[in-house]
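One letter stands for each residue in the lines below.
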Amino acid sequence: MADWLDVDAPELLGLAARLTELADRLAAVDQPDPDALPAHPDGRPVGATAGLWLDELPRTAHDLSEVAATVRAVATAVARTDEQLAARFAQLGREPDR
């Protein structure tokens, strides 16, 4: 296991975009009529079980949206820190030796 973490702001923003896209897709799933769902091969109805899973999609979409927002905030902080470090290194390069 590496003892360092390389955080790249553009990659984090890409991850956030993919999470947002997934959340949007989950949120867009229409609830089917449970009676219209086919029966399980052994004859058991799947409507009730499928309904339980489908009922979780809006919550899961919301949770993914919150994760995406957090990743975007981290990416913004990483970019800001990178800019501050670059400015500081540039300033140190211009300072006369002491």
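Residues numbered from 1 in each chain as written. Predicted model: local features only at pLDDT ≥ 70, side-chain atom pairs only at ≥ 80, totals over all residues. Heavy atoms only, no water.

Trainee: How should I be thinking about the overall build of the chain in this particular structure?
Mentor: Of the regular secondary structure elements, the chain holds two helices and zero strands. Counting the 98 residues in the chain, one finds 16% classified as buried. When contacts within the chain are restricted to residue pairs at least 6 apart in sequence, those whose partners lie at least 24 apart make up 77%. Accessible area of the chain: about 7,800 Å², with a carbon and sulfur share of 60%. (Helix = DSSP H or I, 4+ residues; strand = E, 2+ residues; numbered from the N terminus. Buried < 20%, exposed > 50% of the residue type's maximum accessible area, 1.4 Å probe, protein only. Contact = heavy atoms within 4.5 Å. Areas by Shrake-Rupley, 256 points an atom, 1.4 Å probe, with all protein chains shown as cover.)

Trainee: Help me understand the nonpolar core, please; the structure alone is not making it clear to me.
Mentor: One broad trend across soluble globular proteins is that nonpolar side chains are buried collectively. Ranked by internal contacts, the top residues of the largest apolar core, which has 14 residues, are L12, L19, L26, L64 and V71. Elements represented by at least two residues in this core include exactly helix 1 (9-27) and helix 2 (47-94). Top element by residues in this core is helix 2. It accounts for eight residues. Contacts of V71, omitting those with residues within four sequence positions, involve L12, L15, A16 and L19. (Core = buried A, V, L, I, M, F, W, Y, C linked by side-chain atoms within 4.5 Å.)

Trainee: For this particular structure, what's the right way to read a nonpolar patch on the surface?
Mentor: A cluster of nonpolar residues, L85, F89 and L92, forms a patch on the protein surface that exposes about 310 Å² of accessible area. Positionally, L85 belongs in helix 2. (Patch = residues over 30% accessible without salt bridge, like charges linked within 9 Å, V, L, I, M, F, W, Y side chains within 5 Å. Salt bridge = Lys/Arg side-chain N within 4 Å of Asp/Glu carboxyl O.)

Trainee: Teacher, can you tell me more about the pattern of salt bridges here?
Mentor: Any two side chains of opposite charge can pair, on the condition that their charged atoms come close. A full pass over the atoms with the stated rule returns three salt bridges. Ionic pairing is found between E21 and R25, a salt bridge with its closest N-O pair at 2.9 Å. Residue E21 and its partner R25 are both found in helix 1; the two are separated by four residues, about one turn of the helix. Of the residues examined, E21 reaches a relative accessible area of 41% and is grouped as partly exposed. A cluster of three or more residues bridged by salt bridges with shared partners is formed by E56, R59 and D63.

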